[in-house]
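Given next are the chains, with one letter for each unit.
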Amino acid sequence: DRVRCRWLEGKVAAAEVREEEALAAFAEARQEFVDRELDADAALVTLDLALLHLRAGRPAEVQTLAEEMTPIFQAQRLGREAALPPAARDAIGRL
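This text gives an overview of the structure that appears in the document. Source: prediction; values computed, not measured.

Calculation notes
- Residues numbered from 1 in each chain as written.
- Predicted model: local features only at pLDDT ≥ 70, side-chain atom pairs only at ≥ 80, totals over all residues.
- Heavy atoms only, no water.
- Helix = DSSP H or I, 4+ residues; strand = E, 2+ residues; numbered from the N terminus.
- Expected span 1.5 Å × (residues − 1).
- Contact = heavy atoms within 4.5 Å.
- Axes fitted to C-alpha atoms, helices over the stretch in contact; angles between N-to-C directions.
- Parallel < 35°, antiparallel > 145°, perpendicular 65-115°, else oblique.
- Left-handed = near helix turned anticlockwise from the far one by under 90°.
- Nonpolar A, V, L, I, M, F, W, Y, C, P; charged D, E, K, R; others polar.
- Core = buried A, V, L, I, M, F, W, Y, C linked by side-chain atoms within 4.5 Å.
- Buried < 20%, exposed > 50% of the residue type's maximum accessible area, 1.4 Å probe, protein only.

**Overview of unusual backbone geometry**
Among all residues save glycine, negative phi is the norm, and among peptide bonds the norm is trans. Unlike most non-glycine residues, Val17 shows phi in positive territory, near 55°. Tracing the backbone shows Val17 in the loop between helix H1 (2-15) and helix H2 (19-35). Phi is positive for Glu37, close to 60°, though the residue is something other than glycine. Position of Glu37 among the secondary structure elements: in the loop between H2 and helix H3 (39-55).

See the structure below:
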């Protein structure tokens with residue numbers, strides 16, 4: 001499906017350190033998943049987006065994404081911290 005291909009394009013761009021391209025691909029895929037009400041997929045692409053922001057030294061953006069994901073993870077009975085990798089949780093804790 002096209003949105004999953006776009007997500008994969010973002011992963012490739014991120015791996016090749018093409019940040020702007022990766023950000024655009026992840027944001028597009030995330031929005032499409034949200035529009036389709038595919039919450040789990042939206043949350044997973046949001047994690048990729050958060051990691052990209054973290055690598056770029058933007059913990060405030062990571063925190064914003066974590067807050068946006070909170071309702072999804074609460075519905076699954078997980079806190080927002082459970083959704084984030086340890087490095088992201090540490091970065092948010094330093095804000």
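**Regarding H2**
The first and last C-alpha atoms of H2 sit 24 Å apart over 17 residues, in line with the 24 Å expected at 1.5 Å per residue. Here the buried face of H2 lies against H1, H3 and helix H4 (59-75). Immediately beyond the C-terminal end of H2, within one or two residues, lies Glu37, with a positive phi of roughly 60°.

**Regarding the packing of H1 against H3**
With their axes 11 Å apart at the nearest point, H1 and H3 run at an angle of 20° to one another. By the criterion of interaxial angle, the relationship of H1 to H3 is roughly parallel. Judged by the sense of rotation from one axis to the other, the crossing of H1 with H3 is left-handed. Only Asp41, Leu44, Val45, Asp48, Leu52 and Arg55 of H3 make contact with H1, whose side of the interface consists of Arg4, Trp7, Lys11 and Ala14. Grouping the constituent residues of the contact of H1 with H3 by class yields 5 nonpolar, no polar and 5 charged.

**Observations concerning the nonpolar core**
In terms of nonpolar packing, the biggest core is built from 16 residues, with Trp7, Ala22, Phe26, Ala29, Phe33, Val45 and Leu52 touching the most fellow members. Those elements that place two or more of their residues in this core are H1, H2, H3 and H4. For Trp7, the residues in contact, after removing those within four places along its chain, are Phe26, Ala29, Phe33, Asp41, Leu44, Val45 and Asp48.

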